[in-house]
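Coordinate analysis (summary)
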Amino acid sequence: EDVNLLEVYNLKEKIKIRDPKSTLPEMDDMAFLRDLGLIKGDSDCERLTVAGLLFVGKESSIAKLLPQAEVIYLHYGDDNLEEYDLRMDLRQPLVTVLDRLTEKVQNNNKIRNIQIGLFRVEVADFSEKVFQEAMLNALSHRDYESQGAIYVKHYTDKIIIENPGGFVEGITEKNIITHPSSPRNKLIAETLQRLKYVQRTGQGVDIIFKELVSMGKPYPEYHVFSDAVSLTLKRSIEDLSFVKF
């Protein structure tokens, strides 16, 4: 009763696009969820796992059973950096949240055209790939026992993503790009991989660094607190010659 069958349908349709060879979309709904580990047998009935609730749960069920699974989007204008002018509170399945936030950021995105001889390179304020990877990391690595929400603060010159829960043991701001992946929520990470939202677990940070460097933008800035992590993505192009290179 907590499963939103429309979300199940949406996941199947996305897999068809992302992985045409996958047989997952051909399964009936319950077999599909069972195969992904999103439901599990419990004596004489089947129940949603926490990951299942986060991927295909009804909004009312998420609000009732896991109210901290929330993403709050705040937009700030140039004239007032202290008070937001738009707020969205999202307590929906992970992929729906990702799609809505990506659309919101892209709607405000501007593109800079860089001429290189006969060719032209388009550099967006905020790369869609970078933003999605950052959000996938936030959604899959956050501490779901914490009562805090994920905050996405969208300024003209930067995006800040604030995530409940510090880094897992052994990972710091200095070794995040080299340390082996240590997912806090293994089933969420594995489900995103099987749905082809990530190629393999632990690759997201690599993609973020590579994309930003290739576009001449500053490195992503990670700040770690005792119970949270923040990531800052900046709009500016600092090394135009490297973009041309």
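Predicted, not measured: the structure shown is a model, and the values here were computed from it.

What about the pairing of strand β2 (residues 45–48)?
Across four bridges, the pairing between strand β1 (residues 39–42) and β2 is antiparallel. Its bridge partner being in β2, Gly-41 is matched across the sheet by Glu-46. Where β1 hands over to β2, the hairpin turn is made up of two residues, of which Ser-43 adopts a positive phi near 55 degrees.

A word on the pattern of salt bridges
All chains considered together, the criterion is met by eleven salt bridges. A salt bridge links Arg-194 to Asp-35, with the shortest nitrogen-to-oxygen separation between them at 2.6 Å. With Arg-194 in helix α7 (residues 186–194) and Asp-35 in helix α2 (residues 29–35), this pair connects stretches of sequence that are 159 residues apart. The residue Glu-190 makes a salt bridge to Lys-186 at a minimum N-O spacing of 4.0 Å. A residue pair is termed a helical-turn pair when its members lie 3 or 4 positions apart in one helix, as Glu-190 and Lys-186 do in helix α7 at four residues. Assessed through its relative accessible area of 33%, Glu-190 is described here as partly exposed. The exposed category is assigned to Lys-186, whose relative accessible area is 55%.

Focus: the packing of aromatic side chains
One pass over the structure, following the stated rule, counts four aromatic pairs. Ring geometry for Tyr-76 and Tyr-155: centres 4.4 Å apart, planes at 10 degrees, overall stacked. One end of the pair, Tyr-76, is in the loop between β3 (71–75) and β4 (86–90); the other, Tyr-155, is in the loop between β7 (150–154) and β8 (158–164), and 79 residues separate them in sequence. For the pair Tyr-76 and Tyr-155, one class covers both residues: buried. Between Phe-209 and Tyr-219, the ring centres sit 5.7 Å apart and the planes meet at 50 degrees, which makes this aromatic pair tilted. Of this pair, Phe-209 sits in helix α8 (residues 204–214) while Tyr-219 sits in the loop between α8 and β9 (221–224), placing them ten residues apart in sequence. Within the aromatic cluster, the residues linked to one another by ring pairs are Tyr-76, Tyr-84 and Tyr-155. Directly above the aromatic system of Tyr-197 lies the positively charged group of Arg-18, at a separation of 3.7 Å from the ring centroid. The positively charged end of Lys-158 is found above the aromatic ring belonging to Tyr-155, 5.3 Å away from the centroid.

Quick look at the nonpolar core
One finds Phe-55, Val-71, Leu-101 and Met-135 to be the most contacted residues of the largest nonpolar core, which totals 60 residues. Looking at this core, the element that brings in the most residues is helix α6 (residues 128–141), giving seven residues. If you look at the next biggest cluster of nonpolar residues, it comprises six residues, including Ile-72, Leu-74, Tyr-155 and Ile-160.

Some details on the sheet that holds β7
Strand order in the open sheet formed by six strands is β4-β3-β7-β8-β10-β9, and the pairing between neighbours is mixed. What marks the edges here is a single partner per strand, and that holds for β4 and β9. Here the average twist between neighbouring strands, direction ignored, is 15 degrees. Looking at chain direction, β8 and strand β10 (residues 228–234) are connected through seven bridges and run antiparallel. By the bridge assignment for β10, Ile-159 is matched with Leu-233. Along the sheet, helix α5 (residues 94–107) makes contact with β3, β4, β7 and β8, crossing β4 at roughly 165 degrees.

Cut-offs used in this document
- Residues numbered from 1 in each chain as written.
- Predicted model: local features only at pLDDT ≥ 70, side-chain atom pairs only at ≥ 80, totals over all residues.
- Heavy atoms only, no water.
- Pairing = 2+ DSSP bridges.
- Helix = DSSP H or I, 4+ residues; strand = E, 2+ residues; numbered from the N terminus.
- Salt bridge = Lys/Arg side-chain N within 4 Å of Asp/Glu carboxyl O.
- Buried < 20%, exposed > 50% of the residue type's maximum accessible area, 1.4 Å probe, protein only.
- Phe/Tyr/Trp six-rings, centres within 6.5 Å; stacked < 30°, edge-to-face > 60°.
- Lys NZ or Arg CZ within 6 Å of the ring centre and 35° of its normal.
- Core = buried A, V, L, I, M, F, W, Y, C linked by side-chain atoms within 4.5 Å.
- Axes fitted to C-alpha atoms, helices over the stretch in contact; angles between N-to-C directions.
- Contact = heavy atoms within 4.5 Å.

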